[in-house]
Amino acid sequence: MIEPLKKPRRAPGMVDVAALAGVSAQTVSRVLRGQTNVQDSTRDKVLAAVEQLGYRRNNAARALSSGRSRAFGIVQLQTGYYSRTAIISGVEAAAREAGYSLSAATSPSLDPAAIEEAMSVLADQGVEGIILALPLIHATRGIEELTQAIPTVSIDGSRTSATEVVAVDQTQAAQLATRHLLELGHRSVWHVSGPPEWHDAASRSAGWRQTLVSAGIVPPEELVGDWSPGSGHRLGLELGRRPEVTAVFVSSDEMAFGVIRALHELGRRVPEDISVVSVDNIPLAEYCSPPLTTVAQPFEEMARVAVDHLLRHISDPATLTVDSIEPRLIVRASTSAPR
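Everything quoted here is computed from the prediction, not taken from an experiment.

Colleague: Pulling in residues and values, what's your account of the overall build of the protein chain?
Modeller: Across its full length, the protein chain holds twelve helices and twelve strands. Its C-alpha atoms give the protein chain principal-axis dimensions of roughly 75 × 60 × 35 Å. By residue count, 54% of the 339 residues in the protein chain fall in the buried class. Restricting the contact set of the protein chain to residue pairs at least 6 apart, pairs at least 24 apart contribute 72%. As displayed, the protein chain has an accessible area near 15,300 Å², and 50% of this comes from carbon and sulfur atoms. Averaging the positions of the 32 positive and the 38 negative side-chain charges in the protein chain gives two centres separated by 2 Å.

Colleague: Give me the lowdown on the pairing of strand β10 (residues 293-296), citing residues and values where you can.
Modeller: The alternating pattern of β10 places Thr293 and Val295 and Thr294 and Ala296 on opposite faces, both of which are buried. Examined bridge by bridge, strand β9 (residues 275-280) and β10 share four bridges and lie parallel to one another. Within β10, the residue paired with aspartate 280 across the bridge is alanine 296. Bridge analysis of β10 against strand β12 (residues 328-330) gives three bridges, and the strand direction is antiparallel. Bridged to valine 295 within β12 is leucine 329.

Colleague: Could you give an account of the sheet that holds strand β3 (residues 129-132), naming the residues involved and the relevant values?
Modeller: The six strands lie next to each other as β2-β1-β3-β4-β5-β11, forming an open sheet whose pairing is parallel. Every other strand in the sheet has two partners, leaving β2 (101-107) and β11 (322-325) as the edge strands with one partner each. Within the sheet, the average angular offset between the axes of one strand and its neighbour, ignoring direction, is 20 degrees.

Colleague: Go over unusual backbone geometry with me, naming the residues and quoting the values.
Modeller: Most peptide bonds take the trans configuration, and most residues that are not glycine carry a negative phi. Cis geometry is adopted by the peptide bond preceding proline 271, which originates at valine 270 and carries an omega value of 10 degrees. Here proline 271 shows up in the loop between α11 (253-265) and β9. The peptide bond linking serine 289 to proline 290 adopts the cis configuration, its omega dihedral lying at 0 degrees. Notably, aspartate 280 is not glycine yet its phi reads approximately 135 degrees, a positive angle. Summarising the element assignment, aspartate 280 is placed in strand β9. Since its relative accessible area comes to 5%, aspartate 280 is described here as buried. The backbone of asparagine 281 sits at a positive phi, close to 60 degrees, despite the residue not being glycine. Among the structural elements, asparagine 281 can be located in the loop between β9 and β10.

Colleague: An account of the domain arrangement of the protein chain is needed here, citing residue identities and associated values.
Modeller: Segmentation of the protein chain into domains returns domain 1 (14-57), domain 2 (68-168 + 299-326) and domain 3 (170-297). The C-alpha-based centres of domain 1 and domain 3 are spaced at 51 Å.

Colleague: Tell me about the packing of helix α1 (residues 14-21) against helix α2 (residues 25-32), and please be specific about residues and values.
Modeller: The geometry of α1 relative to α2 is characterised by a closest axis approach of 8 Å and an angle of 105 degrees between their N-to-C directions. Taken together, the axes of α1 and α2 lie roughly perpendicular to each other. Contact residues: Met14, Val17 and Ala18 in α1; Ala25, Val28 and Ser29 in α2. Broken down by class, the residue content of the contact of α1 with α2 amounts to five nonpolar, one polar and no charged.

Basis of the calculations
Residues numbered from 1 in each chain as written. Predicted model: local features only at pLDDT ≥ 70, side-chain atom pairs only at ≥ 80, totals over all residues. Heavy atoms only, no water. Helix = DSSP H or I, 4+ residues; strand = E, 2+ residues; numbered from the N terminus. Buried < 20%, exposed > 50% of the residue type's maximum accessible area, 1.4 Å probe, protein only. Contact = heavy atoms within 4.5 Å. Areas by Shrake-Rupley, 256 points an atom, 1.4 Å probe, with all protein chains shown as cover. Lys, Arg positive; Asp, Glu negative; His and termini not counted. Charge placed at Lys NZ, Arg CZ, Asp CG, Glu CD. Pairing = 2+ DSSP bridges. Axes fitted to C-alpha atoms, helices over the stretch in contact; angles between N-to-C directions. Domains from an automatic or database assignment. Parallel < 35°, antiparallel > 145°, perpendicular 65-115°, else oblique. Nonpolar A, V, L, I, M, F, W, Y, C, P; charged D, E, K, R; others polar.

Set out below in structure tokens:
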């Protein structure tokens, strides 16, 4: 009888060495870089753990022992959504201008253990800094230690105690979108949100709700999508069957495409019957039917600022900053005053 193949365990990484030696990942990093500010006994424990685990650094990591790897790493979620790929493309271009290469590690989910493993892969490649392009719902001890050992910038708004943040003000983005619809004369605004575990989605939901409450309006039921056009289509079919709905704020352009398709199928006209506004301003937004009113996220600027922060953080690890980038409303034909 042939036994089924077992999934091979991943190769040991910096976090594993730190756990076995009983030290932090930052200490392991110092030993592997050949720095002198480590006690001899601690260095011996780390090197013994390296030997016991069979931990091997690749050529990029070895470069750190004598100099610089000139490489950044980026941790991304396994997804094909435009906003994620646009950010990664922007980071790669900005890194290249700064004389750095970019290595990408993909996490299959938002599970902290999966994110830690992706970060460990980059750490073992010897990157000088890491950009997190996905939300940190919970930070494990390993993630905390990795961000202390390697300069890290988050572009989702979530952070650890040692992480810099570069992010668009998503609460303001939602306020711009919701206020636009109210100023057109709509009595209320419905909301199709993204997954609540995403910092961006939660902030947009909060901004939508705050704007309605400030206007003396009780927020209607929030409908939760998953960023996909399919979820937008499903929720658009729900909204389109409710005669009281005249305005909808959707948390992403791609979900908005699905909402508008559903409204067309139900015979509801956009914007004559229902106005739709969203967030992102991906290239397809202006070619939607009708062209989509949306709050633009400056993906290229965000990527450039993130790389600038990472370079500064590498030079001065003790300084931690939060940089908020303002969004901008772009009005097109998908919104109008109610009939």
